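# Close look at the chain arrangement
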Amino acid sequence: MTVSPQFEFKNGTLHAENIPLPELADTYATPLYVYSRQALREAWSGYARATEGRNALICYGMKANSNLAILHEFQQLGAGFDIVSGGELARALAAGARADRIVFSGVGKQSWEIRAALAAGIKCFNVESAAELERLADIAREVGVRAPVSLRVNPDVDAHTHPYISTGLKENKFGIAIEDAPELYAWAAQSPSLQIVGVDCHIGSQILEIDPYLDALGKLLDLIAHLAGRGITLKHLDLGGGLGIRYHDETPLTPTQLLDPVFRILAERGLDHLQVILEPGRSLVGNAGVLLTRVEYIKHTEARNFAVVDAAMNDLMRPSLYEAWHDVEPVTPHSNTPDRSYDIVGPICESGDWLARERTLSLDQGDLLAIMSAGAYGFSMASQYNTRPRAAEVLVDDTRAHLIRPRETVQQLYACERIPPA
Ligand code: LLP
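Residues numbered from 1 in each chain as written. Predicted model: local features only at pLDDT ≥ 70, side-chain atom pairs only at ≥ 80, totals over all residues. Heavy atoms only, no water.

## Here's the deal with the overall build of the protein chain
A tally of regular secondary structure across the protein chain gives 12 helices and 22 strands. Seen along its three principal axes, the alpha-carbon backbone of the protein chain occupies a region of about 75 × 65 × 40 Å. With 422 residues in all, the protein chain has 55% of them scored as buried. Taking the contacts inside the protein chain whose residues are at least 6 apart along the sequence as the reference set, 69% of them involve residues at least 24 apart. Carbon together with sulfur atoms contributes 49% to the accessible area of the protein chain, which is approximately 18100 Å² in total. Counting 38 positive and 53 negative side-chain charges, the protein chain places the centres of these two groups 5 Å from one another. (Helix = DSSP H or I, 4+ residues; strand = E, 2+ residues; numbered from the N terminus. Buried < 20%, exposed > 50% of the residue type's maximum accessible area, 1.4 Å probe, protein only. Contact = heavy atoms within 4.5 Å. Areas by Shrake-Rupley, 256 points an atom, 1.4 Å probe, with all protein chains shown as cover. Lys, Arg positive; Asp, Glu negative; His and termini not counted. Charge placed at Lys NZ, Arg CZ, Asp CG, Glu CD.)

Encoded structure:
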């Protein structure tokens, strides 16, 4: 059975590219994040094909997975980056990113973060409120530069996704209400320390339909036309991230399916001089990673069968937080035990600590399981709750494995803490 082209069963054992996963578990122990370099490259090539010959920039939404090795891989492939903090700015630059390909999103940019981004010379600030626009103008004036600005507008469209990852609705905290945008653009146009460069939106994540994107695009284009009438012209249009992936049986859109109509509509409206920016995160890394974990205990109770594994909600938070589905593959499937319906749970002291529920599997203690599609929002959302060191991360390239982040040690977890004198 093929799980994904880079995570396949060969001779009855699940591999990452050409390395059997049990080998990685033996070398690096579990829980372990395993990424496929080839899968990263193929995901990128989907965007590269969709934008070939076009004036477009793909800014990797690095919150999905911000390991330097992953950032460096995308940087080498030509990506820009969508950042949401001063920390992400530092990481992107440390991975070799070009500042003039960085866009800075987020509702709560602090002054130090704005200063750092101005000093680096980023491509643009995606501004999310009037108050932020004022702060940006003040700081830029003080520093003596013109800050490149795009307003993140909230187009009030429903992306039909989980409420926690839907961002383009009126009730969300994100963006500037589209009807308030013209006034703010006019204000920015008057400000000597601001330079208007674009408009952007991000309507949500794990989006599986094209209509929400096209609805948002339509609203942005009306805004662009209105601004042009007031003498305000833009250089780029940023549609955010959000393309979904297959976690189970979804049929995601390809970058081409999203972008072809976008380019066509821009041409029809005479706006093909605008650079098109996307900020994909999940669709570049989600299916390029698995979380490898070992069954510690099998526990049958009156109500349920539990497989207690060594990974937990601190390693992969998505099931606890969004009730998200991740496929679970036994790494070396067998039929030593009867098929039973298992809840795959971690060792953390919370009932919400589960990775999958009611999966029919034949399991033994000591078995390895791969939690699939864990490359996005897996490690990047991990915590050290219950004083659990965060997992190691490995990048596989054909038959070679590169340790891209060693497992934290327990001692590291409290090394910075101080006991005050009595
Ligand atoms: N741009 C902005 C402004 C964003 O807020 C996000 C994600 C992205 C781009 C990238 O979106 P993507 O292509 O990955 O859908 N933790 C959640 C997802 C939260 C997404 C937050 N914003 C999850 O695990 O499903």
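## Focus: the nonpolar core
Judged by nonpolar contacts, the single largest core of 102 residues is most densely connected at Tyr60, Phe125 and Tyr185. Here the element with the most residues in this core is helix α8 (residues 211-229); it accounts for 8 residues. Composition of this core by domain shows at least three residues from each of domain 1 (7-36 + 286-414) and domain 2 (105-280). Other than its neighbours up to four places away in sequence, tyrosine 185 contacts Ser150, Leu151, Ile196, Gly198, Val199, Leu223, Leu227, Ile232 and Leu234. Within the second largest apolar cluster, 19 residues are counted, among which are Phe9, Ile19, Leu32 and Val331. (Core = buried A, V, L, I, M, F, W, Y, C linked by side-chain atoms within 4.5 Å. Domains from an automatic or database assignment.)

## Some points on the site of the ligand
The local shell around the ligand holds 18 residues, among which Ser205, Glu279, Arg318, Tyr322 and Tyr377 are the closest. Within the side chain of aspartate 82, one N or O atom sits 3.1 Å away from a nitrogen atom of the ligand. Serine 205 places a side-chain nitrogen or oxygen 2.3 Å from an oxygen atom of the ligand. Surface burial for the ligand is 92%, taken as the share of its 580 Å² of free accessible area covered by protein chains. (Near = heavy atom within 4 Å. Polar contact = N/O pair within 3.5 Å; in protein donor to acceptor, adjacent residues only side chain to side chain.)

## Points about the packing of α8 against helix α9 (residues 255-268)
Axes are the key here: two packed helices are described by the angle between their axes and the distance separating the axes. At a minimum axis separation of 11 Å, α8 and α9 run at an interaxial angle of 25 degrees. It follows from the interaxial angle that α8 and α9 lie roughly parallel. Relative to α9, the crossing made by α8 is right-handed. Seen from α8, the contacting residues are Tyr213, Leu214, Leu217 and Leu221; seen from α9, they are Leu258, Pro261, Val262, Ile265 and Leu266. For the contact of α8 with α9, the class distribution of residues is 9 nonpolar, no polar and no charged. (Axes fitted to C-alpha atoms, helices over the stretch in contact; angles between N-to-C directions. Parallel < 35°, antiparallel > 145°, perpendicular 65-115°, else oblique. Left-handed = near helix turned anticlockwise from the far one by under 90°. Nonpolar A, V, L, I, M, F, W, Y, C, P; charged D, E, K, R; others polar.)

## Thoughts on the side chain of serine 66
Here serine 66 is to be found in the loop between β6 (56-61) and α3 (68-77). Those residues within four positions of serine 66 in sequence are excluded, and the remaining contacts are Leu71 and Arg91.

## Focus: the packing of aromatic side chains
Each aromatic ring pair is characterised by the separation of its centres together with the angle its planes make. Applying the stated criterion across every chain yields a total of 6 aromatic pairs. Arranged with centres 6.2 Å apart and planes meeting at 45 degrees, the rings of tryptophan 44 and phenylalanine 74 form a pair that is tilted. Separated by 30 residues along the polypeptide, tryptophan 44 in helix α2 (residues 37-51) and phenylalanine 74 in helix α3 bring together distant segments of the chain. Comparing tryptophan 44 with phenylalanine 74 shows no difference in burial state: the two are buried. Relative to phenylalanine 74, the ring of tyrosine 60 has its centre 4.8 Å away and its plane inclined at 50 degrees; by these criteria the two rings are tilted. Of the two residues, tyrosine 60 sits in strand β6 while phenylalanine 74 sits in helix α3, which places them 14 residues apart along the sequence. Judged by relative accessible area, which is 0%, phenylalanine 74 ranks as buried. In this structure, arginine 357 packs its charged tip against the face of tryptophan 354, placed 4.0 Å from the ring centre. (Phe/Tyr/Trp six-rings, centres within 6.5 Å; stacked < 30°, edge-to-face > 60°. Lys NZ or Arg CZ within 6 Å of the ring centre and 35° of its normal.)

## A few points about the environment of leucine 133
Relative to the assigned elements, leucine 133 resides in helix α6 (residues 130-143). According to the relative accessible area criterion, leucine 133 is buried, its value standing at 0%. A sequence separation of 16 residues divides leucine 133 from valine 149, and the C-alpha atoms of the two residues are 8.5 Å apart. Those residues in contact with leucine 133 that sit more than four places away from it in its chain are Val127, Val149, Leu151, Leu184, Trp187, Ala188 and Leu194.

## With respect to α3
The complete set of buried residues in α3 reads Ile70, Leu71, Glu73, Phe74 and Gln75. Between the side-chain oxygen of the N-cap and the backbone nitrogen of alanine 69 there are 2.8 Å, and the N-cap of α3 in question is asparagine 67. Taken from the residues just after α3, glycine 78 is the one with a positive phi, measuring 110 degrees.

## A short note on the pattern of salt bridges
Scanning all chains against the criterion turns up 17 salt bridges. Close ionic contact of glutamate 132 with lysine 109 constitutes a salt bridge, the shortest N to O distance being 2.7 Å. Linking glutamate 132 in helix α6 with lysine 109 in the loop between β8 (102-104) and α5 (111-120), this pair joins segments that are 23 residues apart in sequence. Like glutamate 132, the residue lysine 109 is buried in the burial classification. The partner of arginine 115 in a salt bridge is glutamate 142, with the nearest N and O atoms 3.0 Å apart. Of the two residues, arginine 115 sits in helix α5 while glutamate 142 sits in helix α6, which places them 27 residues apart along the sequence. (Salt bridge = Lys/Arg side-chain N within 4 Å of Asp/Glu carboxyl O.)

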